[in-house]
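# Understanding the architecture of this molecule
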Amino acid sequence: MPEAAVWIIIVAPLAAAVLNGLIIRPLLGPTTRLAAAAAISTIGLSFLLSLWALIAVWNNHEVILPLHEVLRVDEFSLRIGLLLDGLTAIMLVVVTSVSLLVQIYSHGYMSEDRGYVRYYTFMALFTASMLTLVLANNLILLFVGWELVGLCSYLLIGFWFTRPSAAAAAKKAFIITRFGDLFFLIAILGIFLLWPDDAPITFVLNDPDAPVDLLRAGGTVLTGAGLTWVCLGIMAGAAGKSAQFPLHTWLPDAMEGPTPVSALIHAATMVAAGVFLVARFLPLFDEAETARTVVALIGGFTLVFAASMGLVMTDIKRVLAYSTVSQLGYMFLALGLGALGPALFHLFNHAFFKALLFLGSGSVNHATGTFDMRFMGGLRRVMPWTYGVFLIGSLSLAGIPPFSGFWSKDEILGSAWSHGGALGTLLFILALSGAVMTAAYIFRALYMTFHGEYRGGESQESGATQNAHETHDEGHGGAPHESPRVMVAPMVVLAALAVVSWLANAPGLHWFTDMLEPLGAHAEEIHIVPAALGLAAGLLGIGIAAALYRGGAISAPSISGPLAPLARLLTRKYYLDELYEGVVVRMALYGGLWRFLSWFDSEKGIVDRAVNTFGVVGRNVGKGIRVVETGQLQTSLTVLSIGAVLIVAAYIAWGG
Amino acid sequence: MPTPIDAGSIGIDFAHLAPEIILTLAAIAVVLVDLVVRNKQILAWLSIAGVLASGVAAIALWTSGAGGASYSGVVITDLFGTFFKIVLLGGTLLALLLSPAYVNRRLSRFHGEYYGLLLLSTVGMMLLVSVGELISILLALEIQTFALVALIALLKDARSTESALKFLLLSAVATAVMLYGMAILFGLTGTTFIADMAVAVEARVETGGLANNLALIIAAVLILVGFGFKISSVPFQMWAPPVYEGAPTPIVGYLSVASKAAGFAVLVRLFATAFGQAGLDALDWPLLIGVLAIASMTLGNIVAIVQTNVKRLLAYSTIAQAGYILIGVAAMGNGAAGVYELAVSGILFYLAAYTVSNLAAFGALVALSPPGGGTDSIEELTGGAARSPLAGIVLTVALISLIGLPPTGLFVGKIYLFYGAVQGDLWWLALIGALNSFVSAYYYLRPVRRLWAGGGATQETDARRSPSLRASMALSAAGVIALGIIPPWAISLATEAASAFSP
């Protein structure tokens, strides 16, 4: 596969973002339909090229692409290149295919939004960033993609920035993931410092010409405690991006963004970046047993922890959000056991069925104008297509064969089973109890949404208008109805993928594992016991949900009494938000740092009196800002900037 | 173990900074005295005394001739800088003299801050005209900017605060852009001392080609943005009208002359020294500056025509005046030695004449404004000459000078500048400048007609009750006329100062 074709995978959506943001939006207005055409066609191109890349890797295991030196400072040479191996090829297909379907769906979902072009600009930029992150063959470039992905996530969560809850959610996501990124950055610096002096570091991940590169550094140039800390730093970055405990709190709030964004970013692709990062650096983790155990334990704990909260949420998107956190926990658990194949297989399957579930919830919202399942019910009659695909997604998530979730979850259970020992047993129990809860919460959501009687939609939601923005004209007033074809079609495609995606690694075929073989994956045998237990767990969960929510055996109030304290603990999300906000922000920052700084500022401060003599402006600045907010200041700055740019441009045009 | 610094070896010479030191001490004294005295009039006299003392030191510096570099080369004591220091001190003196009439009526508090900040701002400008090193230039620039921001906000009403904030934000951006340019320049030359830059710039230019010079051009343009802001040249002029409208009138007068003079001083010094002739050639300097000059003159004069507020009118007037002075800056780019000196001395003379003319106008405005402050509309001037004949005459003289009619200082100044332009083969610039002067007559004469018309309110004006205000008006008007009738003395001083840069 020619190198240029691989670069186009990144460049095409980037060009769409530039075109939409800098040309289409200023010239043709914020709702031009052309924006969707630009984004969808370029991402379609990326998707086709990704398939080509997949086939190329399939044939040769690894496509060697050259590195290009872009910067040289003394000994240090920054060489940028792309890395195309099995891991990358799988991620490419996942990212581009889900992105493509989501963007087609968005054309229907966002059609009424005034930020239509802005939306497609950000989505295209996000896709380009994610592809950069996946393809980078240099830790520096990877980090650039990593941060850009975070930025796009921030922009898209806060897409409806006039809504305070969206702005707050965007801020929260940004701060918490940035907290994880800090450790990732420290890990990068750690690599730089630990690297021996005799071989200048290049940060290249895979460099066949060099005696040692980053992926082969574990156990050779990076060893012992240093390597462990580096790995833990990488894991902290991954935990932030993939919303693993204790950095998971931002993801449920991130549902403030438009639903297609949730489907693309917070279900299928961006949150997978953390899993991808750990998978990419698995050769390092292999040499650091402690770090790997930490990864497995974090994953195991998170999967149960998040699933338990999913059981009590009333907002369908929040149920799905906790479900995502929980499923990512499964992937980390597998990675921590060194099971690259099962982890990626689950990532692959999960991307499709979770995107499907999210798009289904968006479709429901499109019809009812709410995300609150207490006001839904009975929708299966009016929305047969949505119901059908949602059911497929739910069965897949619950791990019922033959749907895809069963096969990958079985592989993860199997790897914990065959690992054995105290750690393996513990992880297996965690994964199994998680499976019960998973089936229970997703079928609870299914029953509440689609079964029973319709409970009125947004009209009963007079007080809770938090989703007011997301309602559309069609959703107002009238009875619920099926979504337009442009929204149904991508869901059907995803549903089909959720049914068949397991074939990629079906027992006996092992295409998936074969592709990852050079990276150390090996075909998993089928373990009858864990598979049977996993299936039993899924059926048990569905049974509990049916008993409680299908008007069946147990009535909800009868058990709510004794379980009330537990329910409250779960509804309040284990009080972690309060802990972070109250203790970390309010006490540590405001109480400590802020008070210290106040010494230099407030009435009682020492420095204050001296400053006051000249500080006559301060008190009136607020007043001033109000008056300035007329746009005139922006005009002035625009004129100033354009003036400077024009002068330089004139030189370039006529000077010499 | 760092070697102890020997004061002699880095050339600490207090005499070179005597004017600044005296003025700083005066500012501190004003703030301290403010705490203990009840009669705030004393603060004004104290400030004036400080300015006079500083002026004596500056004149002493002038008579002692060129002192060269001191403080490790950071401070450059040459006649060019000293000329500007004297102009700045003169402007400050006139602004201080017309202040009490305004301050006593309009400010119930903050008298100490007013005078203290005014002096500190002047200190910043004086440093600005005499430092030869980029970081120090930035520092001096910030000293005067911050002082000015507080001064503009001192009325503490909505308009004043708004304009202060605008000034602060816009100048922050302009400074940031300029700093970026300076950083590139540092990257290209490896030094922050402008005296050492010319060599590196020349070497770079000689390698030829636009591609090689693009970084240099970008650096120059970005730096130009910063100083274009200070001198309120198009397209960096947008702050001027709102700030002029909102700020206290004496401060506007001070700002319009001092900030502009200091801005032009650094502009000339930086581009003449750091870029050298090779750099100016590479920039196609006359064309670049010429375009800015035309834009400033034309926009300023045309927009001024429709103004109904005197302070806004004068704001657009200063934008146009910046355009005239830029003609001189453009002529600097001509290689011939004679033209170079002619252009620089023209700028110096014009700035001196502009300082007295504009301050005369603002002094008269303070004198003519009704006790409550008024609206600053042109209508309000109706019958002003009858209320206060002195203010009427002074404002008339000032506006005639701003048009550029004889027998006033700016008439000579314009001839001087245009002559320099013609000598530098920029006759087209001179022509457009002359045309613009005709246009400007229209709006400058409008207030004059109102002034001498009958009718209008017969309120008492401030002029009668403030001897210092009358002194300020008389002094500045006398200066305007003196520069117009007997210019040779001032011209010889300007030529002497300009010789600091003869290539």
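Since the structure is predicted, the reported quantities are computational estimates derived from the model, not experimental observations. (Residues numbered from 1 in each chain as written. Chains lettered and ligands numbered in written order. Predicted model: local features only at pLDDT ≥ 70, side-chain atom pairs only at ≥ 80, totals over all residues.)

Take the overall build of chain B next. Per the secondary structure count, chain B includes 19 helices and two strands. The proportion of buried residues among the 503 residues of chain B is 62%. If you take every contact in chain B between residues at least 6 apart in sequence, the share linking residues at least 24 apart comes to 81%. (Helix = DSSP H or I, 4+ residues; strand = E, 2+ residues; numbered from the N terminus. Buried ≥ 20, exposed ≤ 12 C-beta atoms within 10 Å, placed from the backbone. Contact = placed C-beta atoms within 7 Å.)

Looking now at the overall build of chain A. Secondary structure assignment for chain A yields 26 helices and two strands. Taken over 656 residues, chain A has a buried fraction of 53%. The long-range fraction of contacts in chain A, counting pairs at least 24 apart against all pairs at least 6 apart in sequence, stands at 80%.

All right, on to unusual backbone geometry then. At the junction of Val234(B) and Pro235(B), the peptide bond is cis and its omega measures out at 5° in the coordinates. By the element assignment, Pro235(B) lies in the loop between helix H8 (210–230) and helix H9 (240–246). Note that the residue after Pro406(B), namely Pro407(B), is joined by a cis bond; omega there is 5°. Following the sequence through the fold, Pro407(B) ends up in the loop between helix H15 (389–403) and helix H16 (409–423). Phi angles above zero are rare outside glycine, and Ala243(A) is one such case at about 55°. Tracing the backbone shows Ala243(A) in the loop between helix H7 (224–241) and helix H8 (250–253). A count of 30 C-beta atoms within 10 Å places Ala243(A) in the buried class.

Moving on, we come to the environment of Leu320(A). Residues and elements named next belong to chain A. Counting through the fold element by element, Leu320 comes out in helix H13 (residues 316–336). Expressed as a C-alpha distance, the spacing of Leu320 and Ala267, which sit 53 residues apart in the sequence, is 8.3 Å. Once residues lying within four places of it in the same chain are set aside, the contact partners of Leu320 are Ala267, Leu357, Phe358 and Ser361.

A few words now on the nonpolar core. The biggest cluster of nonpolar side chains holds 215 residues, and the ones touching the most others in it are Val278(A) and Ala355(A). Per-element accounting of this core gives the leading share, 17 residues, to helix H18 (residues 421–450) of chain A. With near-sequence residues (within four places) excluded, Val278(A) lies in contact with Ile234(A), Met235(A), Ala238(A), Phe285(A), Val295(A), Phe332(A) and Leu335(A). Ranked by size, the runner-up nonpolar core spans 202 residues in total, among them Leu88(B), Val129(B), Phe229(B) and Val339(B). (Core = buried A, V, L, I, M, F, W, Y, C linked by C-beta atoms within 7 Å.)

Residues and elements named next belong to chain A. Its 16 residues place the ends of helix H19 (residues 485–500) 22 Å apart at the C-alpha level, agreeing with the 22 Å of an ideal helix rising 1.5 Å per residue. Buried residues of H19: Met487, Val488, Pro490, Met491, Leu494, Ala495, Leu497 and Ala498, and no others. On the buried face of H19, the contacting elements are helix H3 (86–109), helix H14 (340–368), helix H16 (384–398) and helix H17 (404–419). (Expected span 1.5 Å × (residues − 1).)

All names here are of chain A. Across the interface, H3 lies against helix H9 (residues 259–268) with an axial gap of 8 Å and an inter-helix angle of 165°. By the criterion of interaxial angle, the relationship of H3 to H9 is roughly antiparallel. Relative to H9, H3 is oriented so that their crossing is right-handed. Of H9, the residues touching H3 (which contributes Val98, Ser99, Val102, Tyr105, Ser106 and Tyr109) are Thr259, Pro260, Ala263, Leu264 and Ala268. When grouped by side-chain class, the residues that make up the contact of H3 with H9 number eight nonpolar, three polar and no charged. (Axes fitted to C-alpha atoms, helices over the stretch in contact; angles between N-to-C directions. Parallel < 35°, antiparallel > 145°, perpendicular 65-115°, else oblique. Left-handed = near helix turned anticlockwise from the far one by under 90°. Nonpolar A, V, L, I, M, F, W, Y, C, P; charged D, E, K, R; others polar.)

Its location among the elements puts Leu54(A) in helix H2 (residues 34–60). The spatial distance from the C-alpha of Leu54(A) to the C-alpha of Leu92(A) is 8.2 Å, given a sequence separation of 38 residues.

What follows is about the environment of Leu151(B). Here Leu151(B) shows up in helix H5 (residues 134–152). Beyond its immediate chain neighbours, meaning those up to four positions away, Leu151(B) contacts Tyr114(B), Leu117(B), Leu118(B), Ser121(B) and Ile251(B).

All names here are of chain B. Two numbers describe how helix H2 (residues 41–63) lies on helix H4 (residues 111–130): the axes approach to 10 Å, and their chain directions differ by 10°. As the angle between them shows, H2 and H4 are arranged roughly parallel. Contacts from Leu43, Ala44, Ser47 and Gly50 of H2 reach H4 at His111, Gly112, Tyr115, Leu118 and Leu119. The residue makeup of the contact of H2 with H4, split by class, is five nonpolar, four polar and no charged.

Residue and element names in this part refer to chain A. Residues at a pLDDT of 70 or more form 81% of chain A, whose mean pLDDT is 76. Counting interchain partners and residues more than four positions distant, the pLDDT-below-50 stretch residues 459–477 has 25 contacts. Note that residues 597–631 has pLDDT below 50 and, in this model, 39 contacts with residues that lie over four places away or in other chains. (pLDDT = per-residue confidence, 0-100.)

A few words now on H5(B). Three or four residues apart is the spacing at which side chains of an α-helix point the same way, because the helix has 3.6 residues per turn. Helix length check: H5(B) (19 residues) gives 27 Å between terminal C-alpha atoms against 27 Å at 1.5 Å per residue, within 8%. Buried within H5(B) are the following residues: Leu134(B), Ile137(B), Ala140(B), Leu141(B), Gln144(B), Thr145(B), Ala147(B), Leu148(B), Val149(B), Ala150(B), Leu151(B) and Ile152(B).

The predicted model of chain B has a mean per-residue pLDDT of 86, with 93% of residues at 70 or higher. Scored by ipTM, the complex comes to 0.72, with pTM at 0.56.

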